[in-house]
Amino acid sequence: MTPTRRLFFVIATMALFFALLPGVSVAEETENVELVGQIGGSSSGVFVEGNYAYLGVGPRLVILNISDSTSPMIVGQSAVMPVFVTGVYVSGDYAYVTGVYVGENYGYDYGGALQVIDVREPTRPTLVSSYDLPGNPNNVYVSGNYAYVAAMGSGLQILDVTNPAEPTLAGSYDTLSYAYDVYVSESYAYITEAFSLLIIDTSDPALPELAGSYETPGIAYSVYVSGNYAYVADNDKGLQVIDVSVPTEPTLAGGYSMDLWTYDVYVSGNYAYLANYGRLGVIDISDPANPALVGSYITPGDGVYTSGDYAYVVSGGAGLRIVDISDPTLPALAGSYDTLGVMRGVYATGNYAYVANGWAGLRVFDVSDPTSPTLVGSCDSVGYADNVWVSEGYAYVADHSYIGGLQIVDISDPTSPTLIGSYGMSGHAGGVYASGNYAYVVDNGGLRIIDVSDPTDPESVCNNDTPGSVRGVYVRGSYAYVADGLEGLQVIDVSDPANPELVGSYDTPGDAQGIYVNGSYAYVADGSSGLQVIDISDPTLPALAGSYDMLGDAQGVYVSGNRAYVTDSNGDLQVIDVYNLANPKLVGSYDTPGSADDVYVNGEYIYLANGDGGLYILNYTGPTPGPQVFIPLILR
């Protein structure tokens, strides 16, 4: 090797050496996290054919055998998809599934996709193709060789699915507002959008044209066409019956007002079935000019599909309800399927993951096989379970409802969790930490310290108001570290629980949501400003040690070793190397379609409470953060 080449080699080798040091990065890694398992999620979209119900559950298509309506049984489910399911339509051998990449942000156009799934073998639904779409694909209708997608801000998208393995865009029509639903009859596509029903001539799918429209009194969420009438679910007025016998001149024929919001409608024979915020309404439409309510069943509903003597009602976290409508005047519950709903907070220890499951309360999952988590126990909450902390045989649940507060659950037998005590609070409890004889609960009023030495009879020790709306709390030694919304980090001396005292604070630039304390540092998930690392070696003088910006609003944080695991509202998990606090570095990430609300690390597994997307179990596979040992080899 010549001297010149040797010098070049040394320089290149040293450059590589320094690039591998913490805080010095040529290109940051953005993967290194793999999916291990997933379970549950909110229900959205249902289609029934024969003995099977095809149901959207979080990021999966779930197929249920409904031959016994009293006991629907899962027979198969798709692999985890990169979208949160919003609509399902089955045609022939395929299920056409719409989904969005960010499940809880319908007010924005993050984009989504149409997933085409082969369902010839119900036990093994198989993805055959995916077609990315603009907007938020909200529902789909298949007619002939075309799939018609209501894509919210991107209007109507028409895909040619002659070959389901290779969908292609045939045409599109821009609506003035969000396109919520679509129904196709003959050569017309009927689209609901904010405050109107649009009738689109699709005789030439490449050049769809507006034929007619009708202004609705409220937001038109859904439409079903039968004969000469379009039946529209209107959030303000319930059912609107619109005469479309002349598509260019639709006119109002009649209507029926329902209380609360109406989201979906399905027509069968002389009846229209309305999925309402509070109930399933059965409307007699034999006289379209005078529709009349003849029966109802109390259940929340976002979507409804009827087949034979049953109505299949889905509602987010409430799962699937099968309602017997053989007598339309007396609808009655026949059966149900629990989709496990919204997962807000998680704590994992041993072989179990404890999840704050929204309206369903506390759920316990056996994760001894992380590839196949299973529900083994549940305990209803008074209201809405938002967060959970486990300590010494008890799960402490922060209940977000006004009547909830702190719920104490005995988990000595994880398969039979039992509510043994509670303490009501007037605020929305959103975070909890338990240590020794005390539970520290935060709500929109501040920090609440509760004596739990007798878990069956918790007693308030004090209420410590803070300047902002508290979102998270972590206790270490004599101090409670509070994520106080727009006020940032608050450090409270709790050595005397009856007289807590604010001793220090640090105003973070964003909205402090979650907090984790490790050693001399507090790691704050700070909304739009990402991760903020605060030096608390002197609790009275907290100071910024480092930060890492994120694309979404940071919500939850967990620290293990030299890695900080941060979740955000875009559904992302970011794994950040915090060995060099002055220059934190992204070393891994995983994108989910829901809103990544909370994260907990137990051993090699990462447990992600993904809101509507259910519970994700992940594994970090990247390099170990910290100094990288590299000895340059200089050739002579």
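Conventions we followed
Residues numbered from 1 in each chain as written. Predicted model: local features only at pLDDT ≥ 70, side-chain atom pairs only at ≥ 80, totals over all residues. Heavy atoms only, no water. 1 Å grid on protein atoms, 1.4 Å probe; cavity = no way out; pocket = protein on both sides within 12 Å on 5 of 7 lines; lining within 4 Å. Points joined across faces, edges and corners; volume = space filled by probe spheres on them. Nonpolar A, V, L, I, M, F, W, Y, C, P; charged D, E, K, R; others polar. Helix = DSSP H or I, 4+ residues; strand = E, 2+ residues; numbered from the N terminus. Core = buried A, V, L, I, M, F, W, Y, C linked by side-chain atoms within 4.5 Å. Buried < 20%, exposed > 50% of the residue type's maximum accessible area, 1.4 Å probe, protein only. Contact = heavy atoms within 4.5 Å. Salt bridge = Lys/Arg side-chain N within 4 Å of Asp/Glu carboxyl O. Pairing = 2+ DSSP bridges. pLDDT = per-residue confidence, 0-100. Phe/Tyr/Trp six-rings, centres within 6.5 Å; stacked < 30°, edge-to-face > 60°. Axes fitted to C-alpha atoms, helices over the stretch in contact; angles between N-to-C directions.

A. Region of interest: empty space enclosed by the protein. Per the stated rule, a full pass over the model turns up 1 cavity of 30 Å³ or more. Taken together, the residues that form the lining of the largest cavity break down as 5 nonpolar, 3 polar and 1 charged.

B. Local environment of the layout of surface pockets. Here the second largest pocket defines a volume of roughly 670 Å³. If you go around the second largest pocket, you meet 31 residues; those closest to its centre are Asn387, Gly430, Arg471, Gln513 and Gln555.

C. Here's a closer look at the environment of Lys585. Counting through the fold element by element, Lys585 comes out in strand β51 (residues 585-591). Between the C-alpha atoms of Lys585 and Val575, which are 10 residues apart in sequence, the distance is 8.6 Å.

D. The nonpolar core, seen in detail. Leu406, Leu447, Val473, Leu531 and Leu615 are the most contacted members of the largest nonpolar core, which has 97 residues in total. Of the residues forming this core, the biggest block, 5 residues, is contributed by strand β54 (residues 615-620). If near-sequence neighbours (up to four positions away) are discounted, Leu406 is found in contact with Tyr396, Val397, Gly421, Ser422, Tyr423, Met425, Val432, Ala439, Val441, Ile450 and Val452.

E. Structural context of the pattern of salt bridges. Tallied over the entire structure, the rule returns 8 salt bridges. The partner of Asp259 in a salt bridge is Arg279, with the nearest N and O atoms 3.1 Å apart. Remark: Arg279 occurs in strand β22 (residues 279-284) and Asp259 occurs in the loop between β19 (251-256) and β20 (262-268); sequence separation between them is 20 residues. You can call Asp259 partly exposed: its relative accessible area is 43%. Put simply, Arg344, Asp386 and Asp597 are held in one network by salt bridges that share partners.

F. Molecular detail of the pairing of strand β33 (residues 394-399). Buried residues dominate β33, accounting for 5 of its 6 residues. Bridge analysis of strand β32 (residues 385-391) against β33 gives 6 bridges, and the strand direction is antiparallel. By the bridge assignment, Val388 is partnered in β33 with Val397. Here β32 folds back onto β33, and the loop between the two strands holds 2 residues, one of which, Glu392, carries a positive phi near 50°. Of the strand pairs in this sheet, β33 and strand β34 (residues 405-410) are connected by 6 bridges, and their pairing is antiparallel.

G. Seen up close, unusual backbone geometry. One non-glycine residue, Asn32, lies in the positive phi region at around 65°. With respect to the helices and strands, Asn32 occurs in the loop between α1 (3-19) and β1 (33-39). A positive phi angle, close to 50°, is found at Met152, a residue other than glycine. Relative to the assigned elements, Met152 resides in the loop between β11 (146-150) and β12 (156-160). A relative accessible area of 3% means that Met152 is categorised as buried.

H. Structural context of the confidence of the model for the protein. Model confidence for the protein is summarised by a mean pLDDT of 90, while 92% of its residues fall at 70 or above. Confidence drops under a pLDDT of 50 for residues 1-29, and excluding neighbours within four residues, the segment shows 35 contacts in the predicted structure. This stretch, residues 103-107, has a pLDDT under 50; its non-local contacts, to residues over four places away or in other chains, come to 17 contacts.

I. Expanded view of the packing of aromatic side chains. A complete count under the given rule lists 26 aromatic pairs for this structure. For the ring pair Tyr141 and Tyr183, a centre distance of 4.7 Å and an interplane angle of 50° mean the geometry is tilted. One end of the pair, Tyr141, is in strand β10 (residues 139-143); the other, Tyr183, is in strand β14 (residues 179-185), and 42 residues separate them in sequence. For the residue pair Tyr141 and Tyr183, the accessibility class agrees, reading buried in each case. Summarising the aromatic geometry, the rings of Tyr229 and Tyr231 are spaced 6.4 Å apart at their centres and angled 55° between planes, so their arrangement reads as tilted.

J. Up close: the sheet that holds strand β27 (residues 332-337). Spatially, β24-β25-β26-β27 is the arrangement adopted by the 4 strands of the open sheet, whose pairing is antiparallel. Only two strands of the sheet have a single partner each, and these edge strands are β24 (303-307) and β27. Here the average twist between neighbouring strands, direction ignored, is 25°. Bridge count for strand β25 (residues 310-314) against strand β26 (residues 320-324) is 5 bridges, and the pairing is antiparallel. In the sheet register, Tyr312 faces β26, and the bridge partner there is Ile322.

K. Layout of the sheet that holds β20. Spatial ordering of the open sheet is given by β20-β21-β22-β23, a layout of 4 strands whose pairing is antiparallel. Strand pairing shows two members of the sheet lacking a second neighbour, β20 and β23 (292-298), which therefore form its edges. Each adjacent strand pair in this sheet contributes to an overall mean axis angle of 20°, direction not counted. Where strand β21 (residues 271-276) lies against β22, 5 bridges are found, and the strand directions are antiparallel. Bridge assignment links Tyr271 to a residue of β22, and that residue is Asp284.

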